[in-house]
Amino acid sequence: MVITGLGTVGAWGCGSGALARALAAGVPPAATAVDRSAGYHRRCGARRALLTPMAALAEWVPPAEARRMSPPSRLAVAAARMAIGAAGLAAADVAGLGTAVVTATVFGPSSFSDALLLQIVHEGPQAVSPYLFSESVANAPTAQIAIACGARGPNLTLCQGEAGALLAVARAAAAVMEGRAERALAGAVDEMPAMLHGLLDRFGTLAHRPCRAPGGESGRPFDRRRNGVVAADGATILVLETAAAAARRGAAPLAHVRAWGSAFDPSASTAGWGSGAPALGRSLRRAMERRGVAMGAIDRIASGASGSRGGDRLEAGLLRAAWGDAALPPVLAPKAVTGEYGGGFLAAALLAAAGAPYGPTAGFAEPDPRLGVVPHDGRRLPPPALLLASSVAAGGAAAWLLLAAGGAG
Amino acid sequence: MAAGMAAPARRQVVVSGIGAVSGFGWGVEPLWTGLRAGATAIRPFVRFDSSQHRTRLAAEVPAAPPAPGATPAGLATGRSRLSFADRFAVAAAAEALAGAGLGETLGGGEDERSAPAAGAAGVFFGSSTGGMWESENYLAGVWAGGRPPLRLLAAQQVNCPGDAVARRFGVTGPVSTISSACASGALAIGAALAAVRSGEVEVALTGGADSLCQLTYAGFNALRSVDEAPCRPFREGRSGLSLGEGAAVLVLEPLARVLARGAEPLAVLLGAGAACDAHHMTAPEPAGAGAAAALAAALADAGLEAAEIDFVNAHGTGTPLNDVAEWHALERVFGARARCLPVAATKAGVGHLLGSAGAIEAVVTVLSLQRGELHPVPFAAVPVDAACPVALVAGAPLPLAGARAAASISLAFGGSNAALVFARWGAAA
Amino acid sequence: MSSLESELQPPEPIQTASCEGIAEIAERVKRLIVENLHLDGLQPEMIDEEAPLFGEGLGLDSVDALELVVAVEKEFGIKIKSNEIGREVFSSVASLSRFIAGRV
């Protein structure tokens, strides 16, 4: 199973080039000030988010087509078209029963469902916009990718918080392996409207700074003083196909999908973090062992650590438990650059697996002694042979994806 | 195939337990009793003020707990904050596990015959609404100038019901929720089937949960998709769907595991298939090609020919367009047989459960096979529409003692279609 | 009739609105189409009142029609029943305006 195309949009712009440069420099793209006037935010809460320049999508999703799409649908369709082009596939290759679409979203078209609720409360239920409703469902982006590409194979939308993106790739890979599709478009998408940003802030999810401090907040993966994530929007779509199919059409893989796994920590509270790191670590080992992969063969980790106090602690704990007494390989923390949500982590992990260099981990200044994990400091590393992407979701789910470099057999 | 990834072994997968919560009540028995009597649970409801909406009816789960956050007796919450959808899910899962003869801890027990080893149980769920109702209450309270408790928002996400089930029963294996509108439940069951077949899990809790909320009620009404009267799938004069709520859970296990503990399967899950219309966000592809492709894929996965299907549990929402598109899909797959192949239209009884519709209809399909009869539709006197002339059962339940295999299909908003194929346990191969 | 006068008058069973009334309604309908249906670059004066709204012409679909129904209900303070949302009433701006004139 190989990945032959990557399409990604986010605060870095359109395409993986700008993201790769940001990762190499260890500098996140500029964050945008969020409108806090509606009063959802905490008084001294988060002020910024990593937002995609939506005007840049027009090249991929012309206005006539975009007119009835929610923001996540536009992001997703743009990323899908980019991925298909990057994979060297023509539109005619993708149309038909042979193409599955599997995407993940954490919040779905939240701006549309929020607008609907505002209509219901302020204008009455009968003032609700049919167009907003039709595009407010979590599967709207997945459906719009299918419509845009004529993809008539299995069509699934996964919602499993921060673990969704890796689960979607695994589910898509399984569908192709089981012969249910010849190829799959898989990835993740999220939008980050002001109201959602405010509610996340109110929940204590987002990184924040003292009220009168200059500058913006940072997500500080694994850092001792981390206090939340930087929210992002965007979309990442990968093209997955069998190695044989890629070889037949002379497409060079970006990476091979070697293994995947997922598990759950039942000690987590709803939308919270539990204490089940040891059990999760054992689940990770079992998932690798099922595929004949020794932990010692994994020479790079792309961790989903994002600056969440509880999430990073759980992530560090499960990695330490999985590796036991052995030292961890270099741990990359791409969310320092991509932020949380929007699929940037998936794109960054794939870039890392394909050998893209990473600079120092942005926002990381001081190790947290309780975690025992220090993220990458920017020194030059050889391209990895086996990279493990790891993510944990609030509420208990965890997911992993093992990628081998493209040149590997 | 990459080195280290052997072709997954394919084991026979059976349904060992079922649970349900619906407009007919809490449990599988009230569901079956209501359906086989040709009754409908679609009636005026009290969850919110329907007089503000364009229609007045829904299949509301009766005797709902008094307030969000309150716990009905018998449902432990632990540290979680449960929404209605969460509570429906946990209740249905508890019933299914009890029916399967499994303990209530699935994360690694001493008795391997019941509780699987750590990591060997998973949850595969579908939902459209999650805790949207509770979130609506929170936001309405905020917009009215109040300070409602933030915890009302905690269970908003559509994966919360599946997570609540995993949490409640100590599941440590894979847990995921699909939110593909009306196909979510069937797609989730398909994912569970694959996981059990391959050995990724030994026990799968699969199904879905949804609760009534103003957003979906107002939204489907804005699309003018809701009938003012209880929905009448495939019948003349139908003008839309009726919304419902509830949950349904199936326990899936490898056959050998169930037999080893001396339990009897309820049915065999033979296959699952999925395909997409890629046509339009709200309107089904009129020729039903996507639905037919999903059904064909499920049959292929099951290793059955269309001729071996003895009845179908239809999607049957009651909208003018859906029922005709679905009819064309049945014609494509079953040919001339489509006119006389018995069809159950469960939504006429329990309404449209959205994300969990496929799950409750899977449970009804299992019941139909196990109990040897197909439930009738309400309003028997209303004739079937000549544009979609399915063989609906009217009046008394249709005896099906010889039925061996059945299909359940779901056609989703946004064009995702899913189909499941079940066989009666004990039917000759 | 101005919209305020139309609210004060009881609804009339037989359509007797004047040509000027229908013309004004048509202008408001065209503005609703532009504001609610997100048709890129479209201005009200570009809409041909007799041209088809669906299929050819503006190329609207079923969801656009329903969006327009909600907008018309809000703008004119009327209620449109589901069985009235037919191709005849909504076939053009002109036919829709005549329908609305009979209701206000």
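1. Examining the overall build of chain C
Within chain C, the regular secondary structure consists of 4 helices and 0 strands. Helices and strands appear in chain C in the N-to-C order α-α-α-α. Relative to its full complement of 104 residues, chain C shows a buried share of 27%. The long-range fraction of contacts in chain C, counting pairs at least 24 apart against all pairs at least 6 apart in sequence, stands at 65%.

2. Things to note about the overall build of chain B
Within chain B, the regular secondary structure consists of 11 helices and 16 strands. Radius of gyration (C-alpha) of chain B: 20 Å, near the 22 Å computed for a compact globule of 429 residues. With the C-alpha coordinates of chain B rotated into their principal frame, the extents come out at 55 × 55 × 45 Å. In chain B, which comprises 429 residues, the share counted as buried stands at 66%.

3. Points about the domain arrangement of chain B
Residues and elements named next belong to chain B. Once the domains are mapped, chain B shows domain 1 (13–260) and domain 2 (271–424). Between domain 1 and domain 2, the C-alpha centre-to-centre distance is 21 Å. Taken together, the contact between domain 1 and domain 2 spans 62 residues of the former and 57 residues of the latter. Put simply, the parts of the chain that give the side of domain 1 that touches domain 2 at least two residues each are β1 (13–22), α1 (28–36), α5 (184–198), β7 (203–210) and β8 (246–254). Broken down by element, the side of domain 1 that touches domain 2 gets its largest block of residues, 7 residues, from α5. Tallied by class, residues from the side of domain 1 that touches domain 2 come to 30 nonpolar, 24 polar and 8 charged.

4. Some words on the confidence of the model for chain B
A low pLDDT score tells you not to read the predicted coordinates there in detail. Residue and element names in this part refer to chain B. On average, residues of chain B score 91 in pLDDT, and 91% of them are at 70 or above. Contacts from residues 1–8, a stretch scored under 50 in pLDDT, to residues over four places away or in other chains number 13 contacts. Under a pLDDT of 50 for its full length, residues 64–80 has, in the predicted model, 21 contacts with residues more than four places off or in other chains.

5. Brief notes about the interface of chain C and chain A
In this assembly, 8 residues from chain C lie in contact with 9 residues from chain A. Of the residues belonging to the side of chain C that touches chain A, the class tally is 4 nonpolar, 1 polar and 3 charged.

6. Regarding the interface of chain B and chain A
Contact with chain B, which involves 63 residues of that partner, is made by 62 residues of chain A. Counting only elements with at least two residues in the side of chain B that touches chain A, the list comes to α3 (132–143), α4 (160–168), β6 (175–178), α5, α6 (214–222), β9 (267–276) and α8 (289–302) of chain B. Residue contributions to the side of chain B that touches chain A peak at 5 residues, all from α6(B). When grouped by side-chain class, the residues that make up the side of chain B that touches chain A number 33 nonpolar, 24 polar and 6 charged.

7. A look at the packing of α8(B) against helix α9 (residues 320–334) of chain B
All names here are of chain B. For the pair α8 and α9, the least separation of the axes is 8 Å and the interaxial angle reads 45°. With respect to α9, the element α8 is oriented oblique. α9 is crossed by α8, and the crossing has right-handed handedness. The residues of α9 that touch α8, namely those facing A291, A292, L295 and A296, are A325, E326, A329, R332 and V333. Along the lines of polarity and charge, the residues of the contact of α8 with α9 split into 7 nonpolar, no polar and 2 charged.

8. So, the confidence of the model for chain C
Residue and element names in this part refer to chain C. Scored by pLDDT, chain C comes out at a mean of 81, with 82% of its residues at no less than 70. In this model residues 1–7 is a low-confidence stretch, pLDDT under 50, and it forms 4 contacts with partners more than four residues away in sequence or in other chains. Scoring the predicted complex yields pTM 0.94 and, for the interface, ipTM 0.97.

9. Focus: helix α7 (residues 140–149) of chain A
Residues and elements named next belong to chain A. Counting buried positions over the 10 residues of α7 gives 10, a clear majority of the element. Turning to α7, its buried residues are A140, P141, T142, A143, Q144, I145, A146, I147, A148 and C149. The positive-phi residue at the C-terminal boundary of α7 is G150, with phi of around 65°.

Reading the values: the criteria
- Residues numbered from 1 in each chain as written.
- Chains lettered and ligands numbered in written order.
- Predicted model: local features only at pLDDT ≥ 70, side-chain atom pairs only at ≥ 80, totals over all residues.
- Helix = DSSP H or I, 4+ residues; strand = E, 2+ residues; numbered from the N terminus.
- Buried ≥ 20, exposed ≤ 12 C-beta atoms within 10 Å, placed from the backbone.
- Contact = placed C-beta atoms within 7 Å.
- Rg over C-alpha atoms; globule rule 2.2 N^0.38 Å.
- Domains from an automatic or database assignment.
- Nonpolar A, V, L, I, M, F, W, Y, C, P; charged D, E, K, R; others polar.
- pLDDT = per-residue confidence, 0-100.
- Axes fitted to C-alpha atoms, helices over the stretch in contact; angles between N-to-C directions.
- Parallel < 35°, antiparallel > 145°, perpendicular 65-115°, else oblique.
- Left-handed = near helix turned anticlockwise from the far one by under 90°.

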